[in-house]
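For reference, the chains in residue letters:
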Amino acid sequence: MSYDPNSLEGVPDDARTRLAQNRAGLFTSDLSVREFLLVKQAGFEPLGLVVGSSIYHIGFQFSNPMENAEMTVLTQAMYHARELAMTRMEQEADSLGADGIVAVRLDVGRYEWGDDLAEFIAIGTAVKHREGQLHRAPNGRPFTSDLSGQDFWTLLAAGYRPVGMVMGSCVYHVAHQGLGSFMRKVGRNVEMENYTQALYDARELAMERMQSEAQEVEAEGVVGVQLHERSHGWGSHMIEFFAIGTAVIPISDEHTIASPTLVLPMDG
Amino acid sequence: MSGPFFGDDQPEPDERPAAIPDHARERLAGVAAGRVPFTSTLSANAFAALRGADIQPLCQVMGSSVYHVGWQITGWGRLNALRNQGYGTYRPDGSRPGIDRTTGLPLRLSWYGTPQELRTLGAAYNDARDRALARLSQEARLAGADAVVDVEVVQHPFGGRRDVIEFRAMGTAVRAPGLRGDAGPAFVNLTGQDVGVLLRGGQRPVGLVTATSAYLGTASLDTVIELRSLTGKRWRNFEYAEFADAWAYARNRALMHMRAQASDLGADGIIGIRWTQETREQDIEDSDYRFPGLIYVVHAIGTAIAGPAADGTPDVYTVMPMADRPGTQEAS
């Protein structure tokens, strides 16, 4: 899906009405009280809750039970569906005239009854800088960040700003153990090299993809990376490695925050 | 527009709210007159935070409503029969396309793939919750409260029956002249500490906003035909745009309801929005096709706030807690 900042394709009519109301004042947000105050303190005004979703039918791919291999059809499905949800959320933010989206949550849901269906949801709060400083990503999109309001404040205080959420995904089929291999290992302490290798490969592919996304947005680095290993109901030999983090770029040369006061909580 | 499915069944005004029992009235009158000590489930910290903001707790208040959902949730299978009678041919905008003059057939296939709001189902949740909150408000008034803090709204099926839902709202009634709204006590679904922090930030909570909306999404005829084909979509990656649409409509409708409530309260915005979503499979069978369908019931709740637009935020200092975080110390 190519990105057009003025497009509202896939955003329903109701949402357009709501976004128009948001532009007229009265913001909505899922930030907590403390996050809300810190985001304001950092110089940003919340504009509105923005959401994007995609209900996705995941195709079929044959896997050789004896082979370690990436399931490219499934990887593409996971990528594409997330991209659709994120892009819709970004388009909503764009139509509010936002600089970016903070506290983004990206969830994947599976339905009990639909093996081939997955639900991708992106939710966050669109914000705009009060002084009108532009904080968009270099590619013109609103910045996105999955950092909490607290982490967002600290990051800005440390002279960095988020440019975008970057992710890497890899769906991998871990080969089953052959009879020969089983016989050789009976009664012995031995590493299951095949499995170890598969997990390494999958993790490496996911990390590499996340890294290259960060390079694309000209980031200095990625903070708050979370690495998830999930099977999404595909069975024990099919895993998804999913890496997600917030890419950051420096906004000043000064990167030291005021030395934190040491406190000892008395409520323990 | 009305009907068992798409009806807009609003309750008659004289049905609400039910009376509060006499002994409860007496107890609350005692609280209002200041004859009894205050009661609360507030922790010592929450209590201190509220007192620091000049807010005085009075007593626990509650409102509850057990509600029968007019259209049984287990009865969706009847949609097929109803649709054949023409009920399903309503369009989302409320118009009814009726009969195609050239073919003489009902214009019904256009119905599939378009999100349908299930108003009766949504209205049941909204009405039940409103009744519980109205009773909470009544109790708070009787206790002479300006606001109710730490409000928790709980919802669950009643007595194991899927067509009966219970809403219960509980909180601590407080005396706080600065929080009282024009329409009565303000409901605040924040902890005592959060109320304290918000007030120090120059903002004040003005009320609780909450809504439920229900939508049915069905696959379009094109999708169904493609799925049937052996060489078609069945093996490929594709997006069920119809379901994503229904989901987005449901979320939007809930958000719009909440915005309208916040606007009535004179709020500047809504924070802390929390969602819960129930998704149910509801395939719809035609004489020729089986249309995969999903029902989304989306509940949302948030806190409406008001305050100065800018420079109300307090100074923030960074601290480093010196207590060990749980799990950082090895067990000995």
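Think of each chain on its own: its residues are numbered from 1, step by step along the sequence as written. The naming scheme follows written order: chains are lettered A onward, ligands numbered 1 onward. Where local features are concerned, this predicted model is filtered to residues with pLDDT of at least 70; where side-chain atom pairs are given and counted, the filter is 80 or more; whole-chain, interface and lining totals use all residues.

### Notes on the overall build of chain B
Our working definition: Under the DSSP-based scheme used, a helix requires at least four consecutive residues in state H or I and a strand at least two consecutive residues in state E, with every element numbered from the N terminus. We call a residue exposed when 12 or fewer other C-beta atoms sit within 10 Å of its C-beta, buried when the count reaches 20 or more, and partly exposed for counts in between; the C-beta positions come from the backbone. A pair of residues counts as a contact when their C-beta atoms, built from backbone coordinates, are separated by no more than 7 Å.
Each helix and strand counted, chain B has seven helices and 12 strands in total. Per-residue burial for chain B yields a buried fraction of 42% across its 332 residues. By sequence separation, contacts in chain B at least 24 residues apart represent 77% of the contacts at least 6 residues apart.

### Notes on the overall build of chain A
A tally of helices and strands in chain A yields six helices and 10 strands. Seen along its three principal axes, the alpha-carbon backbone of chain A occupies a region of about 70 × 50 × 40 Å. Put simply, chain A has 268 residues, and 44% of those count as buried. Contacts in chain A between residues far apart in sequence, at least 24 positions, make up 77% of those at least 6 positions apart.

### Notes on the pairing of strand β4 (residues 100-110) of chain A
The condition is simple: In short, DSSP must find at least two bridges between two strands for them to pair.
Note: β4 of chain A against strand β5 (residues 117-129) of chain A, nine bridges, orientation antiparallel. By the bridge assignment, Asp107 of chain A is partnered in β5 of chain A with Ile121 of chain A.

### A word on the interface of chain A and chain B
We count it as follows: Note that Gly is not counted as nonpolar here; it falls among the polar residues with everything else outside the nonpolar set of Ala, Val, Leu, Ile, Met, Phe, Trp, Tyr, Cys and Pro and the charged set of Asp, Glu, Lys and Arg.
Facing 48 residues of chain A, the contacting portion of chain B comprises 45 residues. Where the side of chain A that touches chain B is concerned, the elements lending two or more residues are α1 (13-23), β1 (27-28), α2 (33-41), β2 (44-57), α3 (72-95) and β10 (261-263) of chain A. Considering each element in turn, the side of chain A that touches chain B owes the most residues, eight residues, to β2 of chain A. Of the residues in the side of chain A that touches chain B, the class split is 29 nonpolar, 13 polar and six charged. Strand direction decides the pairing type here: β1 of chain A and strand β8 (residues 269-281) of chain B, joined by two bridges, are parallel. Bridge assignment links Phe27 of chain A to a residue of β8 of chain B, and that residue is Gly269 of chain B.

### Structural notes on the sheet that holds β4 of chain A
Strands sit in the order β6(A)-β4(A)-β5(A)-β2(A)-β7(B) across an open sheet of five strands; the sheet is mixed. At either margin of the open sheet sits one strand with a lone partner, and together these are β6 (143-144) of chain A together with β7 (238-239) of chain B. With two bridges joining them, β4 of chain A and β6 of chain A adopt parallel strand pairing. In the sheet register, Gly100 of chain A faces β6 of chain A, and the bridge partner there is Phe143 of chain A.

### What to know about the sheet that holds strand β4 (residues 164-175) of chain B
All names here are of chain B. Spatially, four strands are ordered β1-β4-β3-β5 in an open sheet, and the strand pairing comes out mixed. Each edge of the sheet is formed by a strand with only one pairing partner; in this case those strands are β1 (56-68) and β5 (186-187). Pairing analysis gives two bridges linking strand β3 (residues 147-157) to β5, with the strands arranged parallel. If you follow Ala147 over to β5, its bridge partner there is Ala186.

### Description of the nonpolar core
All names here are of chain B. Spelled out, the test is: Joining buried Ala, Val, Leu, Ile, Met, Phe, Trp, Tyr and Cys residues through C-beta atoms within 7 Å gives a set, and that set is a nonpolar core.
Val148, Val188 and Tyr296 are the most contacted members of the largest nonpolar core, which totals 152 residues. The element that contributes the greatest number of residues to this core is helix α7 (residues 241-264), accounting for 11 residues. Leaving out residues up to four positions away in the same chain, Val188 has contacts with Ala147, Val148, Val149, Val151, Val195, Pro205, Leu208 and Thr303.

### Focus on unusual backbone geometry
Positive phi, normally seen in glycine, also occurs at Glu218 of chain A, with a value near 55 degrees. Turning to its location among the elements, Glu218 of chain A is positioned in the loop between α6 (193-216) and β8 (221-230). A count of 13 C-beta atoms within 10 Å places Glu218 of chain A in the partly exposed class. Phi is positive for Asp150 of chain B, close to 60 degrees, though the residue is something other than glycine. Along the polypeptide, Asp150 of chain B turns up in strand β3.

### Examining the environment of Cys170 of chain A
Residues and elements named next belong to chain A. With respect to the helices and strands, the residue Cys170 is situated in strand β7 (residues 160-173). Measuring from C-alpha to C-alpha, the distance between Cys170 and Leu26 comes to 41 Å, with 144 residues separating the pair along the chain. The residues contacting Cys170, other than those within four sequence positions of it, are Glu70, Thr75, Ala202, Leu205, Ala206, Glu240 and Phe241.

### With respect to α6 of chain A
Residue and element names in this part refer to chain A. Test applied: Multiplying 1.5 Å by the residue count of a helix minus one yields the expected span of that helix.
If you check α6, its first and last C-alpha atoms are 34 Å apart, about what 24 residues at 1.5 Å a residue would give, namely 34 Å. Among all positions in α6, only Ala198, Ala202, Ala206, Met210, Glu213 and Ala214 are buried. On its buried side, α6 packs onto β7, β8 and β9 (238-250). Glu218 occupies a position one or two residues after α6 and carries a positive phi of about 55 degrees.

### A word on the packing of helix α2 (residues 44-52) of chain B against helix α5 (residues 192-200) of chain B
All names here are of chain B. Applied cut-off: To define axes, lines are fitted to C-alpha atoms, for helices over the stretch in contact only, and angles between the resulting N-to-C directions are given on a 0 to 180 degree scale. Each angle is binned into one of four classes, with values under 35 degrees roughly parallel, values over 145 roughly antiparallel, values of 65 to 115 roughly perpendicular, and all other values oblique. Handedness of each helix crossing follows the sense of rotation of the near helix against the far helix: counterclockwise by less than a right angle gives left-handed, clockwise gives right-handed.
Contact geometry for α2 and α5: axes closest at 7 Å, N-to-C directions at 30 degrees. The angle between α2 and α5 falls in the class roughly parallel. Note that α2 runs across α5; the crossing there is left-handed. Facing Asn45, Ala46, Phe47, Ala49, Leu50 and Gly52 of α2, the residues of α5 in contact are Gly192, Gln193, Val195 and Gly196. Split into classes, the residues belonging to the contact of α2 with α5 amount to five nonpolar, five polar and no charged.

### Brief notes about the environment of Tyr249 of chain B
Structurally, the position occupied by Tyr249 of chain B is in helix α7. Along the backbone, Tyr249 of chain B and Ile165 of chain B are 84 residues apart, and their C-alpha atoms lie at a distance of 24 Å.

### What about the confidence of the model for chain A?
Inclusion rule: Confidence of the predictor at the level of single residues is captured by pLDDT, which takes values from 0 to 100.
On average, residues of chain A carry a pLDDT of 86, and 91% of them reach 70 or more. At the low end of the mean pLDDT range in chain A sits α1 of chain A, at 68; at the high end sits β6 of chain A, at 94.

### Thoughts on α2 of chain B
Residue and element names in this part refer to chain B. This is how it is decided: Here, the arc refers to the directions that run from the helix axis to the C-beta atoms.
Listed in full, the buried residues belonging to α2 are Ala46, Ala49 and Leu50. Taken down its axis, α2 places every buried residue within 95 degrees of arc, on the same side. Against the buried residues of α2 lie β1, β3, β4 and α5. Immediately downstream of α2, the backbone of Asp54 shows phi near 65 degrees, a positive value.

### Quick look at the confidence of the model for chain B
Detailed reading of the predicted model is not advised wherever pLDDT is low. All names here are of chain B. With 76% of its residues at a pLDDT of at least 70, chain B reaches an overall mean of 78. Within chain B, the lowest mean pLDDT, 42, falls on helix α3 (residues 79-84), and the highest, 94, falls on β5. Within the model, the stretch residues 1-16 combines pLDDT values under 50 with 29 contacts to residues more than four positions away or in other chains. Per the prediction output, this complex has pTM 0.80; the corresponding ipTM is 0.79.

### Thoughts on the environment of His228 of chain A
Tracing the chain through its elements places His228 of chain A in strand β8. Note: C-alpha distance between His228 of chain A and Ile239 of chain A (11 residues apart in sequence) is 10.0 Å.

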